[in-house]
Amino acid sequence: QGLSARERGVWRESPSGHAMADEEARAKAAAAGGADTAPDTIFGKIVRKEIPADIVYEDDVCLAFKDVSPQAPVHILMIPKDRAGLTGISKASEGHKAVLGHILFQAGQLGNRLCPDGFRLVVNDGSDGCQSVFHLHVHIMGGRQMRWPPG
């Protein structure tokens with residue numbers, strides 16, 4: 001309440017000396033860590049049920065669960081179960097079209113069910129896109145009036 005980002009502990013400093021939000025700092029660190037070649041992510045552990053998640057949808061292709069740091073009253077992450085080649089949307093190939101279409105369709109169905117007045121789908125890609133987990137994921141956000149521009 002009224003505290004700056006630095007006081008709340010979510011402020012970081014970039015190499016150039018500019019302040020960054022915590023999510024931006026995590027994205028920069030993830031990208032610097034060989035994001036596309038990293039062997040696994042927390043999402044892989046969720047898919048394998050090695051760590052708990054509040055799962056709201058699952059089929060043979062994808063899994064959706066509540067974000068642990070929600071940015072809206074409804075904030076769900078939908079991921080492909082098989083990460084191979086899908087560390088980010090820009091890494092997708094022609095062979096991923098069916099999986100991507102399925103995920104987008106299911107995200108729309110889930111968004112409509114959970115947020116009948118409207119919702120937003122977001123895919124972050126790469127460091128500048130603020131992607132902090134290199135396993136493709138679609139954010140389904142709603143439950144309130146979304147603002148524009150998003151940021």
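First things first, this report covers the structure right here in the doc. Worth saying up front: this structure is predicted, and the values here are computed from it rather than measured.

### Structural notes on the packing of aromatic side chains
Right, so step 1: Counted under the stated rule, the structure contains one aromatic pair.
Right, so step 2: Centre to centre, the rings of phenylalanine 43 and phenylalanine 65 are 5.5 Å apart; their planes meet at 70°, and the pair counts as edge-to-face. Taken together, the residues span a long stretch of sequence, with phenylalanine 43 in helix H3 (residues 42–47) and phenylalanine 65 in strand S4 (residues 62–66) at a distance of 22 residues.
Right, so step 3: Residue classification places phenylalanine 43 among the buried residues on the basis of a relative accessible area of 5%.
Right, so step 4: Under the relative-accessibility criterion, phenylalanine 65 is labelled buried at 4%.

### Considering the pairing of S4
Right, so step 1: By the criterion of burial, S4 is predominantly enclosed, with four of the five residues buried.
Right, so step 2: Summarising the sheet, strand S3 (residues 55–58) and S4 pair through three bridges and their orientation is antiparallel. Bridged to tyrosine 57 within S4 is alanine 64.
Right, so step 3: Sheet topology places S4 next to strand S5 (residues 74–80); five bridges connect them, and they run antiparallel. Of the residues in S5, the one forming a bridge with cysteine 62 is proline 80.

### Let's talk about the pattern of salt bridges
Right, so step 1: Inspection of the entire model under this criterion finds six salt bridges.
Right, so step 2: Measuring nitrogen to oxygen at the nearest pair gives 2.8 Å for the salt bridge that ties glutamate 50 to arginine 48.
Right, so step 3: We classify glutamate 50 as partly exposed; its relative accessible area is 49%.
Right, so step 4: A salt bridge links aspartate 54 to lysine 66; the shortest N-O distance between them is 3.6 Å. Placement of aspartate 54 in the loop between H3 and S3 and of lysine 66 in strand S4 is noted, with a sequence separation of twelve residues between them.
Right, so step 5: A relative accessible area of 43% places lysine 66 in the partly exposed class.
Right, so step 6: Linked by salt bridges that have partners in common, Asp40, Arg48 and Glu50 make up one network.

### Examining the sheet that holds S4
Two pairing modes exist for strands in a sheet, parallel and antiparallel, and in both the strands are linked by backbone hydrogen bonds.
Right, so step 1: Ordered in space as S3-S4-S5-S7-S6, the five strands form an open sheet in which the pairing is antiparallel. Only two strands of the sheet have a single neighbouring strand rather than two, namely S3 and strand S6 (119–122). Averaged over all neighbouring strand pairs, the angle between strand axes comes to 20°, with direction disregarded.
Right, so step 2: Helix-sheet contacts for helix H4 (residues 97–114) involve S3, S4, S5, S6 and strand S7 (138–142), and the interaxial angle to S5 is about 160°.

### A short note on the environment of leucine 136
Right, so step 1: Looking at the secondary structure, you find leucine 136 in the loop between S6 and S7.
Right, so step 2: Between the alpha carbons of leucine 136 and isoleucine 79 there is a distance of 6.1 Å; along the sequence they are 57 residues apart.

### Notes on unusual backbone geometry
Right, so step 1: Following tryptophan 148, the chain continues into proline 149 via a peptide bond in cis, with omega recorded as 0°.
Right, so step 2: Mapped onto the fold, proline 149 is located in the segment after S7.
Right, so step 3: Phi angles above zero are rare outside glycine, and lysine 49 is one such case at about 65°.
Right, so step 4: The residue cysteine 130 is not glycine, and still its phi comes out positive at about 70°.
Right, so step 5: Checked against the element boundaries, cysteine 130 lands in the loop between S6 and S7.

Reading the values: rules and limits
Residues numbered from 1 in each chain as written. Predicted model: local features only at pLDDT ≥ 70, side-chain atom pairs only at ≥ 80, totals over all residues. Heavy atoms only, no water. Phe/Tyr/Trp six-rings, centres within 6.5 Å; stacked < 30°, edge-to-face > 60°. Helix = DSSP H or I, 4+ residues; strand = E, 2+ residues; numbered from the N terminus. Buried < 20%, exposed > 50% of the residue type's maximum accessible area, 1.4 Å probe, protein only. Pairing = 2+ DSSP bridges. Salt bridge = Lys/Arg side-chain N within 4 Å of Asp/Glu carboxyl O. Axes fitted to C-alpha atoms, helices over the stretch in contact; angles between N-to-C directions. Contact = heavy atoms within 4.5 Å.

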